[in-house]
Amino acid sequence: IENYRSLIERIIFLEKEESEKIVQKIVDESKTEDSLVTKLYNNFGLDSGILISLFMNNLHREKGDSFFIDANIPHAYIHGNCLELMACSDNVIRLGLTPKLVDKENFGKIIKDHLEEMIYDENEKIDFVKYDKENKITTYDIDFIDDFKLKVYEIDKTKNIDIKKNSILLCLGGNIKVNGVLCEELGSLFVEDEIKDVKIELDDGYSSAQLYHVYGR
């Protein structure tokens, strides 16, 4: 693992000109337009992050799948949409594939100190999803994470739910009324105080929707 660590660190601190030459060679040898390298190149040009992507697991997730990524684990979203829940922090360290600030020094420190934790084990799974079929509620709750919990309500008729203190509500798939307050599709509401027995109903013209309820423990 020390050799692997040394290689990653060397790639991170390559000079821009040298890095771009290597990326260009890899892009030229890429065989298909659907390859990961080609997709990244088309979006980010000769970004050094393409080199790091070759050492990462390229995982495909289906609609409705969920997964947990611990702190200090480098990751990137390549294509599609997802809802990401994370602790309240702006401490995001980026290496590449982004127009935002890149911090090679601190990224290198993470590789140095946490590489062993980054080894992916497809057999290591956390069971944190529970589905209430009768009420059509999916709960995502990780025992050792106190910062957030998620409930997804499938709304096909009027329901009454309890909303926790400091909750965020996100509406997908249709317009929803929350105690008479309209939450349009892709819209969100912040609820500061705990409210019991909140009436959730579909807006006129909609037969179904989903309500995402995010809150702390």
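Worth saying up front: this structure is predicted, and the values here are computed from it rather than measured.

## Side note on the sheet that holds strand β7 (residues 181-183)
Read across the sheet, 4 strands follow the order β4-β9-β6-β7 without closing on themselves; strand pairing throughout is antiparallel. Edge positions in the sheet fall to β4 (159-163) and β7, since each has one partner strand and no second. In this sheet, neighbouring strand axes are inclined to one another by 35° on average, regardless of whether the strands run parallel or antiparallel. Pairing analysis gives 3 bridges linking strand β6 (residues 176-178) to strand β9 (residues 195-202), with the strands arranged antiparallel. Directly across from V178, in β9, lies its bridge partner I200.

## Regarding the nonpolar core
Of all hydrophobic cores here, the largest spans 18 residues; its most connected members are I12, I50, I52 and I111. Elements represented by at least two residues in this core include exactly α1 (2-12), α2 (16-29), α3 (36-44), α4 (49-53) and α5 (104-114). Judged by nonpolar contacts, the second largest core, of 16 residues, contains L169, I176, V178 and A209.

Calculation rules
- Residues numbered from 1 in each chain as written.
- Predicted model: local features only at pLDDT ≥ 70, side-chain atom pairs only at ≥ 80, totals over all residues.
- Heavy atoms only, no water.
- Pairing = 2+ DSSP bridges.
- Helix = DSSP H or I, 4+ residues; strand = E, 2+ residues; numbered from the N terminus.
- Axes fitted to C-alpha atoms, helices over the stretch in contact; angles between N-to-C directions.
- Core = buried A, V, L, I, M, F, W, Y, C linked by side-chain atoms within 4.5 Å.
- Buried < 20%, exposed > 50% of the residue type's maximum accessible area, 1.4 Å probe, protein only.

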